[in-house]
Amino acid sequence: MKKVRVCIVLLCVLLAASVALNVVCLTGTAKTEVRPEWLAGEVSEEEAAEGGYNPAFMQMALDIAKENVVTGSGGPIGAVIVKDGEVIAATSNEMRQNHNSYDHGEMAAIREAEQATGQMYLTDCVLYTSAQPCLMCEAAIYWARIAKVYYAAGISETSQYSGFDDLYEYETVYSGKNLVESVDVHIDNELEALDIWQEQRTSK
């Protein structure tokens, strides 16, 4: 029962991230294998005119992605985080050079931006990325409280051209299945740290 509960919680977190994030696609309608609930709208002329979207930042992300591939440094992902119209983080997929399976472009950008601002939340920031974030990055973007995300290539394109597992991940999670086997082992003192944490939070 606990295993099922953990899986449901994980699914809810990912779904909440997808709903809470204000994500905008810049590539038009995605391919038919992608479910409608995954898709975001295109940038409107009004939004572009109001300065909500800056194509220069997206081009920067695309250039970073291209350079990362051409130089053999890593995967075809570039990410840029902007605060008050200024770039505070510009990174690429760093999995290969760092031997780190979760060092995706967006993850690296979030880490760099949080270090630059000295804050763990990026509520006033916008993220530009060369491709639609995977579920891991989308959840991280949600936890970082980034205000908005602009992406270029959708998950159907990245899955087709790069061989990434993004489409499989979305299909699996949205169908209510598990990506990995998770086993909940009951321990008598498993709530001790949580109890202390709750007490500290409520006593402030």
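Criteria and cut-off values
- Residues numbered from 1 in each chain as written.
- Predicted model: local features only at pLDDT ≥ 70, side-chain atom pairs only at ≥ 80, totals over all residues.
- Heavy atoms only, no water.
- Helix = DSSP H or I, 4+ residues; strand = E, 2+ residues; numbered from the N terminus.
- Buried < 20%, exposed > 50% of the residue type's maximum accessible area, 1.4 Å probe, protein only.
- Contact = heavy atoms within 4.5 Å.
- Areas by Shrake-Rupley, 256 points an atom, 1.4 Å probe, with all protein chains shown as cover.
- Salt bridge = Lys/Arg side-chain N within 4 Å of Asp/Glu carboxyl O.
- pLDDT = per-residue confidence, 0-100.
- Expected span 1.5 Å × (residues − 1).
- Polar contact = N/O pair within 3.5 Å; in protein donor to acceptor, adjacent residues only side chain to side chain.
- Patch = residues over 30% accessible without salt bridge, like charges linked within 9 Å, V, L, I, M, F, W, Y side chains within 5 Å.
- Core = buried A, V, L, I, M, F, W, Y, C linked by side-chain atoms within 4.5 Å.

Draft legend 1. Spotlight on the overall build of the protein chain. Within the protein chain, the regular secondary structure consists of nine helices and five strands. Helices and strands in the protein chain line up, N terminus first, as α-β-α-α-β-β-α-α-β-α-β-α-α-α. Here the protein chain holds 204 residues, and the buried ones make up 38% of them. Taking all contacts inside the protein chain whose residues are at least 6 apart in sequence as the whole, residues at least 24 apart take part in 58%. Accessible surface for the protein chain amounts to roughly 12100 Å². Of this, 55% is attributable to carbon and sulfur atoms.

Draft legend 2. Quick peek at the pattern of salt bridges. A complete count under the given rule lists one salt bridge for this structure. The salt bridge involving Lys83 is made with Asp124; its shortest N-O contact spans 3.7 Å. One end of the pair, Lys83, is in strand 2 (residues 78–83); the other, Asp124, is in the loop between helix 5 (105–117) and strand 4 (125–131), with 41 residues separating them in the sequence.

Draft legend 3. Examining the confidence of the model for the protein chain more closely. Per-chain confidence: the protein chain averages 77 in pLDDT, with 72% of residues scoring 70 or above. Helix 1 (residues 2–20) is the least confidently modelled element of the protein chain, averaging 45 in pLDDT, while strand 2 averages 95, the highest of any element. Taken as a whole, residues 1–20 scores under 50 in pLDDT and shows 23 contacts with residues more than four places along the chain or in a different chain. Of the regions scoring below 50 in pLDDT, residues 27–40 engages in 32 contacts with residues more than four places distant in sequence or in other chains.

Draft legend 4. Highlighting helix 5. Between its first and last C-alpha atoms helix 5 spans 18 Å; for 13 residues at 1.5 Å apiece the expected length is 18 Å, and the two agree. Gly105, Glu106, Met107, Ala108, Ala109, Ile110 and Ala113 are the residues of helix 5 that are buried. In the core, the buried residues of helix 5 are packed alongside strand 2, strand 3 (86–92), strand 4 and helix 6 (135–143).

Draft legend 5. The arrangement of the side chain of Glu157 in detail. By secondary structure assignment, the location of Glu157 is in helix 7 (residues 155–162). A distance of 3.0 Å separates the side chain of Glu157 from the backbone nitrogen of Gly154, its partner in a polar contact.

Draft legend 6. A look at the environment of Lys148. Take Lys148: it is sitting in strand 5 (residues 148–153). On the accessibility criterion, Lys148 (18% relative accessible area) is buried. When the C-alpha positions of Lys148 and Val126 are compared, they lie 5.0 Å apart, and in sequence the two are 22 residues distant.

Draft legend 7. Focus on a nonpolar patch on the surface. On the surface, Tyr168, Leu179 and Val180 cluster together into a nonpolar patch covering about 310 Å² of accessible area. If you trace the backbone, Leu179 turns up in the loop between helix 8 (166–174) and helix 9 (192–203). Given a relative accessible area of 40%, Leu179 falls into the partly exposed group.

Draft legend 8. Fine view of helix 7. Every buried residue of helix 7 is listed here: Ile155, Ser156, Glu157, Thr158 and Ser159. A positive backbone phi angle near 80° is found at Gly163, which sits one or two residues after helix 7.

Draft legend 9. The nonpolar core, seen in detail. In this structure, Ile81, Ile110, Leu122, Leu127, Ile141 and Ile146 are the most contacted members of the largest nonpolar core, which totals 17 residues. At the level of elements, strand 2, helix 5, strand 4 and helix 6 are the ones that each hand at least two residues to this core. For this core, the leading source of residues is helix 5, giving four residues. By size, the runner-up hydrophobic cluster in this structure holds eleven residues, among which are Tyr53, Ile64, Val80 and Tyr128.

Draft legend 10. Structural detail: unusual backbone geometry. The phi angle at Asp84 is positive, at roughly 55°, despite the residue not being glycine. With respect to the element layout, Asp84 can be found in the loop between strand 2 and strand 3. When its relative accessible area of 66% is taken as the criterion, Asp84 is described as exposed. The phi torsion at Arg145 lies on the positive side, around 65°, for a residue other than glycine. If you trace the backbone, Arg145 turns up in the loop between helix 6 and strand 5. By relative accessible area, Arg145 is classed as partly exposed at 33%.

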